[in-house]
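Per-entry structural report
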Amino acid sequence: ALWCLMMSLTPTRGCLLDLPWEDILIPHILCHVPLQQLLSLQRVSKSFQSLIQLYLANMRCFDSSQIGTAIPQAAFVNLLKDSKVLQQLALQNCSSWLTDMDLLPILWRNHHLHQIQLKGCVRLSRSTLVSISLNCPNLRQLSLAHCDWVDSLSLRSLADHCKALESVDLTACRQLKDEAICYLVQKCSRLKSLSLAVNANVGDVAVQETAKCCPELEHLDLTGCLRVKNDSIRVLAEYCPKLRSLKVKHCHNVAESSLSVLRVRGVELDVEPPLQRALVLLQDVVGFAPFINIQI
């Protein structure tokens, strides 16, 4: 795509830049060119630089992974300095250096964001989550996985202002306890996907409240939630008829007695039935899977 654009500069082929920028080039051509190649085009001429800057200002989706394994801080700030219509923002490749100072101006300008990915952005603070809640009323998907700075106060702000949320990833947000999760699900009853994985502070109270408040729930990740027990799994089975997948690996207090109801319903579980687990272990030990005929 970049080569085709470069060839358009030759006199025999006419000039690509003669096409209407906002009506043709940006919505129908540049949107199909990888972002990294678009940035290279800026070095071709001043006209191309102006075109790419206009494209960046009207960009709906920004994913830092499209630029490479790492993006310099200065380049990031320059890329999004004029953006006002972003709808999707994924910044996991900026996790090592991204701070509130870098991100807050972007949030203040872009009020149409409905997807934000901040997985592993450990240098942010609660100010970011509060700003998201105040500036992104249409937010539907939010990933805060491995963001230890997320606390109950900032999560309450999110719940109060972003009631359209459908997917929230709170994996390893270790400051959060049952009370904060309960407040979130009470306010955001449209949730379809929720991850509370790797959080030792989450227990039955949060899971049961999630089940009762979110009848549309389809995916729940409780991996490593050691305080979750059978009672909350039974409540999930009762109140969440649309549940499609449940992760309970390393939940040592969750047994097959509660999971079997979901298993019969066809819910995808990340733990195998006891007999199947025993056969797998036996195969690992003796090197083959014996034929077992069980008649009841």
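For clarity, every value in this text was computed on a predicted model and none was experimentally measured. (Residues numbered from 1 in each chain as written. Predicted model: local features only at pLDDT ≥ 70, side-chain atom pairs only at ≥ 80, totals over all residues. Heavy atoms only, no water.)

A tally of helices and strands in the protein yields 13 helices and nine strands. With 296 residues in all, the protein has 45% of them scored as buried. Restricting the contact set of the protein to residue pairs at least 6 apart, pairs at least 24 apart contribute 71%. By element, 54% of the accessible surface of the protein is carried by carbon and sulfur atoms, the whole surface being about 15100 Å². (Helix = DSSP H or I, 4+ residues; strand = E, 2+ residues; numbered from the N terminus. Buried < 20%, exposed > 50% of the residue type's maximum accessible area, 1.4 Å probe, protein only. Contact = heavy atoms within 4.5 Å. Areas by Shrake-Rupley, 256 points an atom, 1.4 Å probe, with all protein chains shown as cover.)

A few words on the sheet that holds strand S2 (residues 88-90). Strands in a sheet are paired, the pairing made by backbone hydrogen bonds, and the direction either parallel or antiparallel. Strands sit in the order S1-S2-S3-S4-S5-S6-S7-S8-S9 across an open sheet of nine strands; the sheet is parallel. Edge positions in the open sheet fall to strand S1 (61-63) and strand S9 (268-269), since each of these has one partner strand only. Note: strand S6 (residues 193-195) against strand S7 (residues 219-221), three bridges, orientation parallel. Paired with Leu-194 across the two strands is Leu-220, which belongs to S7. (Pairing = 2+ DSSP bridges.)

It is the contact of helix H10 (residues 204-213) with helix H11 (residues 230-239), at a shortest axis distance of 8 Å, that shows an interaxial angle of 5 degrees. Taken together, the axes of H10 and H11 lie roughly parallel to each other. From H10, Asp-204, Val-207, Gln-208, Ala-211 and Lys-212 reach across to H11, where they touch Asp-231, Ser-232, Val-235, Leu-236 and Tyr-239. Class assignment of the residues belonging to the contact of H10 with H11 gives a composition of five nonpolar, two polar and three charged. (Axes fitted to C-alpha atoms, helices over the stretch in contact; angles between N-to-C directions. Parallel < 35°, antiparallel > 145°, perpendicular 65-115°, else oblique. Nonpolar A, V, L, I, M, F, W, Y, C, P; charged D, E, K, R; others polar.)

Further remarks concern the nonpolar core. In this structure, Phe-62, Leu-222 and Leu-246 are the most contacted members of the largest nonpolar core, which totals 90 residues. Counting the residues that make up this core, at least three belong to each of domain 1 (20-58) and domain 2 (60-283). Setting aside anything within four residues of it in sequence, one finds Leu-246 in contact with Leu-220, Leu-222, Ile-233, Leu-236, Leu-259, Leu-262, Val-267, Glu-268, Leu-269 and Asp-270. (Core = buried A, V, L, I, M, F, W, Y, C linked by side-chain atoms within 4.5 Å. Domains from an automatic or database assignment.)

All right, on to the environment of Gln-42 then. Checked against the element boundaries, Gln-42 lands in the loop between helix H3 (35-41) and helix H4 (46-57). Taking the C-alpha atoms as reference points, Gln-42 and Gln-53, eleven residues apart in sequence, are found 8.4 Å from one another. Residue contacts for Gln-42: discarding those within four places in its chain leaves Gln-49, Ile-52 and Gln-53.

Below, the discussion takes up the packing of aromatic side chains. Across all of its chains, the model carries two aromatic pairs by this definition. Pairing Phe-76 with Trp-97 gives two aromatic rings, centres 5.4 Å apart and planes at 65 degrees, and the pair type is edge-to-face. Of the two residues, Phe-76 is situated in helix H5 (residues 73-79) and Trp-97 in the loop between S2 and helix H6 (100-109); the sequence distance between them amounts to 21 residues. Here a set of aromatic residues connected by ring pairs shows up, and it is made of Phe-62, Phe-76 and Trp-97. Lying over the aromatic face of Tyr-183, Arg-156 brings its terminal NZ or CZ to 3.7 Å of the ring centre. (Phe/Tyr/Trp six-rings, centres within 6.5 Å; stacked < 30°, edge-to-face > 60°. Lys NZ or Arg CZ within 6 Å of the ring centre and 35° of its normal.)

Another aspect to go through is the state of the cysteines. This model, assessed by the stated rule, comprises zero disulfides. Cys-121 supplies the cysteine sulfur nearest to Cys-147, a cysteine that is in no disulfide, at a spacing of 5.9 Å. Free of any disulfide, Cys-240 has its nearest cysteine sulfur in Cys-214, 7.4 Å distant. Judged by its relative accessible area of 0%, Cys-240 is buried. (Disulfide = S-S within 2.5 Å.)

Moving on: the pattern of salt bridges. For the coordinates displayed, the defined rule picks out nine salt bridges. Here Lys-81 makes a salt bridge to Asp-82, at a shortest N to O gap of 3.0 Å. Look at Asp-82 and you get partly exposed, because its relative accessible area is 37%. (Salt bridge = Lys/Arg side-chain N within 4 Å of Asp/Glu carboxyl O.)

Let's shift gears to the confidence of the model for the protein. The predicted model of the protein has a mean per-residue pLDDT of 87, with 86% of residues at 70 or higher. A low-confidence stretch, residues 6-12 stays under pLDDT 50, and its non-local contacts, those more than four residues away or across chains, total nine contacts. (pLDDT = per-residue confidence, 0-100.)

The N-to-C vectors of helix H8 (residues 152-161) and helix H9 (residues 178-187) enclose an angle of 5 degrees; their axes lie 9 Å apart at closest approach. The orientation of H8 with respect to H9, classified from their angle, is roughly parallel. Along the contact surface, H8 presents Ser-152, Leu-155, Arg-156, Ala-159 and Asp-160, while H9 presents Ala-180, Ile-181, Tyr-183, Leu-184 and Lys-187. Class assignment of the residues belonging to the contact of H8 with H9 gives a composition of six nonpolar, one polar and three charged.

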